[in-house]
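Structural features, examined
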Amino acid sequence: PLYLRSFRARQAALNGARPAGDVLWQGEDLGVTPAWAEVTRTKEIVPERREQGARVVTDVYLVRHGETQGDSSESGLTPLGSWQSHRRGQEIARRVMTGHRVVMACAPTNRARQTAEHLRRGLTDNLVLFGREAEVGDVLPMAEFRNFAVATPGGPRDVTAAFRLYHREMERYERIGLGERPGWLVEIDRFWGVQQGGGDPITHWLTMPLLYFEPPVSCVRRFWSGVLRIGTESPGNSVVVATHSGPIRAFATWAMGYDPGEPFNAEFVRVRLIEGGVTALVLYRNRVQEVRIPDPADLAADPIWREAPQP
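A brief look at the structure comes next. In this text, all values refer to a predicted model and were calculated from it rather than measured experimentally.

Attention shifts here to the environment of Asp 259. Structurally, Asp 259 can be placed in the loop between helix 9 (245-256) and strand 9 (268-274). Note: C-alpha distance between Asp 259 and Thr 203 (56 residues apart in sequence) is 8.5 Å. Residues contacting Asp 259, with those up to four places away along its chain left out, are Thr 203, Leu 206, Arg 249 and Thr 253. A polar side-chain atom of Asp 259 sits 2.8 Å from a polar atom in the side chain of Arg 249. Reaching out from Asp 259, the side chain makes a polar contact with the backbone nitrogen of Gly 261 at a distance of 3.1 Å.

This is how it looks when you write it as structure tokens:
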């Protein structure tokens, strides 16, 4: 500022034209240099310049599927769900620049696949509208981004597929009324009973120890495995993943340290991978949390959940 330059000029004249940049206090040299000031400055008062900040190499969008015809069956999207997904793709396109590469992935379910297809259409539509040229890959189903599973006698099943099996078995027990019900049937009956009673079954899954359900931390490990696999096999500037609300919410809870709530249809959690592969920024509902990217050796899943759930 002009007043500071004038002050230093007067001090230099009084002290025999001392070198510019020396800091004086009552005529005494404090030994403050520009390099020392740069190291000791307070970032809260003097924020870093844009070129000094950490560089984001990949944006990952974990998008919940659009509105479906029913969560208790393997059904597709409603017309509203298709519109929600297409509109979300248009919004994501604003952050895709010319020369970028976009990787599209989804959970292996009908509603997630249809959501990813509509996300891709909306994204490419707006890229044309904005006059940008970017490479948008085809939708790739990935088991790492599947919904959480339930251990059934036939092996791990997606919670939706397990509901159909549960419904059939419960009808048999209620009709015959003989024998003790197996543990997995009791737990899934309690899980769906929470929803039928007007509660939140995902909160029940996140907070209550369940013996036959895949733990939330296993879903977080799976998601990180999928993100790191994409970064190794087909890296891109943006990664758009259509998946399910339960694992997304578990991921956000792990990152934030508290349960931030159920994502709406087509709402997303954004993960920004920082250059160097050490840390990432997780953004969800106006909150940002820096997390450490786990080492691939730490992401080995529990053997019971390593097998992909049956459809």
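On we go from here.
Inspection of the entire model under this criterion finds 16 salt bridges. A salt bridge links Asp 59 to Arg 270; the shortest N-O distance between them is 3.0 Å. Placement of Asp 59 in strand 3 (residues 56-64) and of Arg 270 in strand 9 is noted, with a sequence separation of 211 residues between them. Residue Glu 169 is joined to Arg 172 by a salt bridge in which the shortest nitrogen-to-oxygen separation is 2.9 Å. Pair noted here: Glu 169 and Arg 172 are both in helix 5 (residues 159-176), with a separation of 3 residues, about one helical turn. Owing to a relative accessible area of 36%, Arg 172 belongs among the partly exposed residues under this scheme. What you see here is one network of salt bridges that share partners, running through Arg 64, Asp 200, Arg 249, Asp 259 and Glu 262.

Burial within strand 9 is extensive, with 6 of its 7 residues counted as buried. Sheet topology note: the strand 9/strand 10 (residues 279-284) ladder contains 4 bridges and is antiparallel. Residue Val 271 lies in a different strand from strand 10, and its bridge partner there is Val 282. Taking the residues that link successive antiparallel strands as the turn, the strand 9-strand 10 hairpin has 4 residues, and the phi of Gly 276 there is positive, at about 110°.

As a packed pair, helix 3 (residues 79-92) and helix 4 (residues 110-130) sit with axes 7 Å apart at the nearest point and diverge in direction by 45°. In terms of their interaxial angle, helix 3 and helix 4 are classed as oblique. The handedness of the crossing between helix 3 and helix 4 is right-handed. Where helix 3 abuts helix 4, its residues Ser 82, Ser 85, His 86, Arg 88, Gly 89, Gln 90 and Ile 92 lie against Thr 115, His 118, Leu 119, Arg 121, Gly 122, Leu 123, Asp 125 and Asn 126. Looking at the contact of helix 3 with helix 4 residue by residue, the class counts come to 3 nonpolar, 9 polar and 3 charged.

One finds Leu 62, Trp 224 and Val 271 to be the most contacted residues of the largest nonpolar core, which totals 47 residues. In this view, Leu 62 contacts Phe 145, Phe 223, Val 241, Ile 248, Phe 251, Glu 267, Phe 268, Val 269 and Val 271; residues no more than four positions away in its chain are not counted. Membership of the second largest hydrophobic core comes to 18 residues, among which are Val 96, Leu 119, Leu 123 and Ala 242.

All right, on to the packing of aromatic side chains then. Tallied over the entire structure, the rule returns 13 aromatic pairs. Look at Phe 148 and Phe 191: their rings are 6.0 Å apart centre to centre, the planes differ by 75°, and that puts the pair in the edge-to-face class. Placement of Phe 148 in the loop between strand 5 (135-141) and strand 6 (149-152) and of Phe 191 in helix 6 (residues 183-196) is noted, with a sequence separation of 43 residues between them. You'll find Phe 148 and Phe 191 in the same group, each marked buried. An angle of 40° between the planes, with centres 5.2 Å apart, marks the rings of Phe 191 and Phe 213 as tilted. Here the residue Phe 191 occupies a position in helix 6, and Phe 213 occupies one in the loop between helix 7 (201-207) and helix 8 (216-233), the gap between them amounting to 22 residues.

What counts, and where the lines are drawn
- Residue indices follow the written sequence of each chain, beginning from 1 at its first position.
- Two thresholds apply to this predicted model, a pLDDT of at least 70 for residue-level local features and 80 or more for giving and counting side-chain atom pairs, whereas whole-chain, interface and lining totals are computed over all residues.
- Note: side-chain values were computed over all heavy atoms of the structure, leaving out hydrogens and water.
- Numbering of helices and strands starts at the N terminus; helices are DSSP runs of H or I of at least 4 residues and strands are runs of E of at least 2.
- Throughout, a residue-residue contact means that at least one pair of heavy atoms, one from each residue, lies within 4.5 Å.
- The term polar contact refers here to a pair of N or O atoms within 3.5 Å; inside protein, the definition further demands a hydrogen-donor-capable atom paired with an acceptor-capable atom, and it admits residues adjacent in sequence only when both atoms are side-chain atoms.
- Take a side-chain nitrogen of Lys or Arg and a carboxyl oxygen of Asp or Glu: if they are within 4 Å of each other, that pair is a salt bridge.
- Burial classification: accessible surface area is computed with a 1.4 Å probe over protein chains only, and a residue below 20% of its type maximum counts as buried, one above 50% as exposed, and the rest as partly exposed.
- The criterion for strand pairing is that DSSP finds at least two bridges linking the strands in question.
- The axes are straight lines fitted to the C-alpha atoms, using for helices just the contacting stretch, and the angles between their N-to-C directions are given from 0 to 180°.
- In what follows, roughly perpendicular refers to angles from 65 to 115 degrees, roughly parallel to angles under 35, roughly antiparallel to angles over 145, and oblique to any angle outside these ranges.
- Two helices that cross are described as forming a left-handed crossing if the nearer one is turned anticlockwise from the farther one by less than a right angle, and a right-handed crossing if clockwise.
- Charged residues are taken to be Asp, Glu, Lys and Arg, nonpolar residues to be Ala, Val, Leu, Ile, Met, Phe, Trp, Tyr, Cys and Pro, and polar residues to be all remaining types, Gly included.
- Put simply, buried Ala, Val, Leu, Ile, Met, Phe, Trp, Tyr and Cys residues joined by side-chain atoms within 4.5 Å make one nonpolar core.
- Aromatic rings from Phe, Tyr and Trp, with only the six-membered ring used for Trp, were paired whenever their centres fell within 6.5 Å, and each pair was classed as stacked if the ring planes differed by under 30 degrees, edge-to-face if by over 60, and tilted otherwise.

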